[in-house]
Amino acid sequence: MKRIVSPSILSADFGNLERDIRMIDRSAAEWVHVDVMDGVFVPNISFGFPVMKPLRRATRKVLDVHLMITEPERYLRRFVEAGADFVTFHHEATRDARGCIAAIREAGAKVGISIKPATPPEALGDLLPEIDMALVMSVEPGFGGQSFIPESLDKIRTLDRMRRDAGLGFLIEVDGGISASNAGEVFAAGADAVVAGSAVFGTTDPEAEIRKILEAR
Ligand code: DX5
Ligand code: ZN
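Going along each chain's sequence as written, the residues are numbered from 1 onward. As they are written, the chains are lettered A onward and the ligands numbered 1 onward, keeping that order. A pLDDT threshold of at least 70 governs which residues receive local features in this predicted model, and a stricter bar of 80 or more applies before side-chain atom pairs are shown or counted, although totals over entire chains, interfaces and linings include all residues. For the side-chain quantities, the full set of heavy atoms in the structure was used; hydrogens and water were omitted.

Engineer: Sorry, what's going on with the site of ligand 1 here?
Structural biologist: Close to ligand 1 lie 20 residues, the nearest being Asp35, Gly142, Asp175, Gly197 and Ser198. Under this definition, polar contacts are N or O atom pairs within 3.5 Å; protein pairs additionally need one hydrogen-donor-capable and one acceptor-capable atom, and for neighbouring residues in sequence, both atoms have to be side-chain atoms. One of the side-chain N or O atoms of Asp35 is found 2.7 Å from an oxygen atom in ligand 1. Between ligand 1 and Gly142, the relevant distance is 2.7 Å, taken from an oxygen atom to a main-chain nitrogen or oxygen of the residue. Summarising the interface, the protein chains cover 100% of the accessible area of ligand 1, which totals 380 Å² for the free molecule. Note on conventions: DSSP H or I runs of at least 4 residues are helices, E runs of at least 2 residues are strands, and numbering of each starts at the N terminus. Of all the secondary structure elements, the ones that give two or more residues to the shell around ligand 1 are β2 (31-37), β3 (62-68) and β8 (193-196). The greatest single-element share of the shell around ligand 1, amounting to three residues, is contributed by β2. Of the residues belonging to the shell around ligand 1, the class tally is eight nonpolar, ten polar and two charged. Being near a molecule or strand, for a residue, means having at least one of its heavy atoms within 4 Å of it. Here the accessible surface of atoms and residues is derived via Shrake-Rupley with a 1.4 Å probe, and residues count as covered only by protein chains that are part of the display. Under this grouping Gly is polar, as are all residues other than the nonpolar Ala, Val, Leu, Ile, Met, Phe, Trp, Tyr, Cys and Pro and the charged Asp, Glu, Lys and Arg.

Right under this line is the structure:
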């Protein structure tokens with residue numbers, strides 16, 4: 001099974017964003033994870049559209065945009081137009097998940113849906129055939145640098161079983177508290193992609209760290 005690492009620029013140095021993106025560009029990571037927070041859905045505010053443009057200019061890697069915002073339907077198209085390859089919204093943030101899926105697709109990006117730690121994978125049931133990715137949050141969304149919630153492993157296994165039983169091809173991404181020390185277990189549970197923020201940007205050799213995460217057992 002192929003493994004993907006998506007370094008989260010939430011932990012990058014915003015004074016040197018271009019340098020940090022170029023590092024990801026040279027690295028074995030195939031995706032760049034972009035955490036957008038509105039201060040309402042989560043108790044933190046990160047960044048929005050102005051940051052998308054320089055990112056899109058600086059890298060040809062897959063821009064994996066994770067929206068932690070209420071009523072994402074209001075902004076989906078703009079994120080696609082700003083260069084997102086994947087747009088992932090939270091199941092808990094909208095009453096119209098189907099409308100969000102349709103809007104992202106029409107705008108031309110791949111569709112992800114994320115669930116918070118307290119939301120069971122079964123909540124995604126009917127939607128699974130319509131999405132490209134399910135994102136399991138393995139910490140409470142809002143901040144980098146938190147510890148991985150161990151119960152997330154069972155949620156990944158459940159989703160993996162659901163996709164096999166239904167013969168579906170959506171990817172499973174896992175986000176929060178991931179490093180080379182637990183990435184092996186997370187991939188083994190069925191994850192295709194892992195997000196890593198502080199583990200990558202908190203080291204002196206981020207490229208080596210990315211390789212360690214990819215090769216973790
Ligand atoms: C948290 C974000 C994560 C965060 C992960 O709300 O969705 O993507 O950047 O950071 P680490 O890897 O430090 O837990
Ligand atoms: Zn994220």
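Engineer: Got a minute to help me understand unusual backbone geometry in this structure?
Structural biologist: Outside of glycine, negative phi angles account for most residues, and trans bonds account for most peptide bonds. Even without being glycine, Glu71 reaches a positive phi, approximately 45°. By secondary structure assignment, the location of Glu71 is in the loop between β3 and α3 (76-81).

Engineer: Would you mind showing me how to read the pairing of strand β6 (residues 133-137) here?
Structural biologist: Each regular strand carries side chains that alternate between the two faces of the sheet. Throughout, exposure labels follow a simple rule: accessible area from a 1.4 Å probe, protein chains only, divided by the maximum for the residue type, with under 20% read as buried, over 50% as exposed, and the rest as partly exposed. By the criterion of burial, β6 is predominantly enclosed, with five of the five residues buried. Here β6 shows a buried face lined by Met133, Leu135 and Met137 and a second buried face lined by Ala134 and Val136. Strands were regarded as paired on the criterion that DSSP finds at least two bridges between them. Two strands pair when backbone bridges link them, and strand β5 (residues 110-115) and β6 are joined in this way by four bridges, in the parallel orientation. When the sheet's bridge partners are listed, Ser114 is paired in β6 with Leu135. When the strands point away from the viewer, a crossover counts as right-handed if the path from the first strand over the helix to the second runs clockwise. Once the chain exits β6 it traverses helix α5 (residues 152-166) before rejoining the sheet at strand β7 (residues 171-175), and the crossover so formed is right-handed.

Engineer: Looking at this model, I keep getting lost on the side chain of Asn182. Mind explaining?
Structural biologist: Note that Asn182 resides in the loop between β7 and α6 (183-188). Apart from the residues lying within four places of it in its own chain, the contact partners of Asn182 are Phe148 and Gly177. Every residue pair with non-hydrogen atoms within 4.5 Å of one another is taken to be in contact.

Engineer: Before we go on, may I ask you to explain the environment of Arg3 in this structure?
Structural biologist: The residue Arg3 is located in the segment before β1 (4-7) in this model. In this structure the C-alpha to C-alpha distance between Arg3 and Thr158, which are 155 residues apart in sequence, comes to 19 Å. Ignoring any residue separated from it by four or fewer positions in sequence, one finds Arg3 in contact with Glu30, Gly184, Phe187, Asp192, Ile213, Leu214, Glu215 and Ala216. Engagement of the side chain of Arg3 in a polar contact is seen with the backbone oxygen of Leu214, the distance being 2.8 Å.

Engineer: What should I look at first to understand the coordination of the zinc ion (ligand 2) in this one?
Structural biologist: Reference geometry at the metal: tetrahedral coordination by four donors gives ideal angles of 109.5 degrees; octahedral coordination by six donors gives 90 or 180 degrees. Protein ligation of the zinc ion (ligand 2) involves His33 (NE2), Asp35 (OD), His66 (ND1) and Asp175 (OD), the donor distances falling in the range 2.0 to 2.3 Å. Metal-centred angles of 70 to 171° between the six donor atoms at the zinc ion (ligand 2) mark the site as octahedral. Here a donor is any nitrogen, oxygen or sulfur atom (N, O, S) within 2.8 Å of the metal, with 3.2 Å used for Na, K and Ca; water is not among the atoms considered, so some sites may look incomplete. Counting gaps between the donor residues of the zinc ion (ligand 2) yields the pattern H-x1-D-x30-H-x108-D. With His33 in strand β2 and His66 in strand β3, this residue pair connects regions lying 33 residues apart in the sequence. When four donors show all angles between 85 and 135 degrees the site is tetrahedral, when four or six donors have opposite pairs over 155 degrees and all other angles between 65 and 115 it is square planar or octahedral respectively, and in every other case it is irregular.

Engineer: I keep staring at the side chain of Asp20 and nothing clicks. Help me out?
Structural biologist: Note on placement: Asp20 falls in helix α1 (residues 17-26). On the basis of relative accessible area, Asp20 is assigned to the buried category, the value being 8%. For Asp20, the side chain forms a polar contact with the main-chain nitrogen of Asp13, separated by 2.8 Å. Beyond its immediate chain neighbours, meaning those up to four positions away, Asp20 contacts Ala12, Asp13 and Phe201.

These values are about where atoms sit, not about what they do.
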